[in-house]
Amino acid sequence: MNTLERFRKNVERYAFPQVGQVTVSGGCVGITGGGLPTTLIDHADQALYYSKKNGRNQVHRYEHLIEQGQLAVVTQEGSVDLF
C-alpha cells in the first residue's frame, strides 16, 4: 500500500507535457497463497472500482474494504480474459 500510495502521489504532483495533471485510482489485494488467480484479480478489481466510485485519485486494498464493511465478500468464482 505504501508503494502504491507513493506512486499515486507522484503521478498527481507531476505536470505531464500536453495534458497537465493526471490522477490515478487503484485497487490491490494481498496474495497469501490460498487464492486462485482469477479470484485475486477479481478482488483487486473490486477495490479499484471502489476507489473510482468513491472519489477517484485514491488506492484501496480489498481486505481493508471487507474489514470496514465497505465491500461484501462474494464467494462466486469468476473468469478473467488476459490479452
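This write-up is about the structure you can find in this document. (Residues numbered from 1 in each chain as written. Predicted model: local features only at pLDDT ≥ 70, side-chain atom pairs only at ≥ 80, totals over all residues. Heavy atoms only, no water.)

Some remarks on the side chain of Gln 58
- Mapped onto the secondary structure, Gln 58 falls in the loop between α2 (37-53) and β2 (59-61).
- For Gln 58, a relative accessible area of 19% translates into the label buried.
- A polar contact of 3.2 Å, which involves the side chain of Gln 58, links it to the backbone oxygen of Ser 51.
- For Gln 58, the residues in contact, after removing those within four places along its chain, are Arg 8, Val 24, Ser 25, Gly 26 and Ser 51. (Helix = DSSP H or I, 4+ residues; strand = E, 2+ residues; numbered from the N terminus. Buried < 20%, exposed > 50% of the residue type's maximum accessible area, 1.4 Å probe, protein only. Polar contact = N/O pair within 3.5 Å; in protein donor to acceptor, adjacent residues only side chain to side chain. Contact = heavy atoms within 4.5 Å.)

Remarks on unusual backbone geometry
- In the Ramachandran plot, Gln 18 falls in the positive-phi region, its phi being about 75 degrees despite a non-glycine side chain.
- You can see Gln 18 is positioned in the loop between α1 (2-13) and β1 (26-28).
- By relative accessible area, Gln 18 is classed as exposed at 86%.
- At Asn 57, a residue that is not glycine, the phi angle is positive and equals roughly 50 degrees.
- Mapping Asn 57 onto the fold places it in the loop between α2 and β2.
- The class for Asn 57 is buried, based on a relative accessible area of 17%.

Let's talk about the environment of Gln 70
- Note on placement: Gln 70 falls in the segment after α3 (62-67).
- The spacing of Gln 70 and Tyr 50 is 20 residues in sequence and 8.5 Å in space, taken between C-alpha atoms.
- Excluding its chain neighbours within four sequence positions, the residues that come into contact with Gln 70 are Tyr 50 and Leu 65.
- Separated by 2.9 Å, the side chains of Gln 70 and Tyr 50 make a polar contact.

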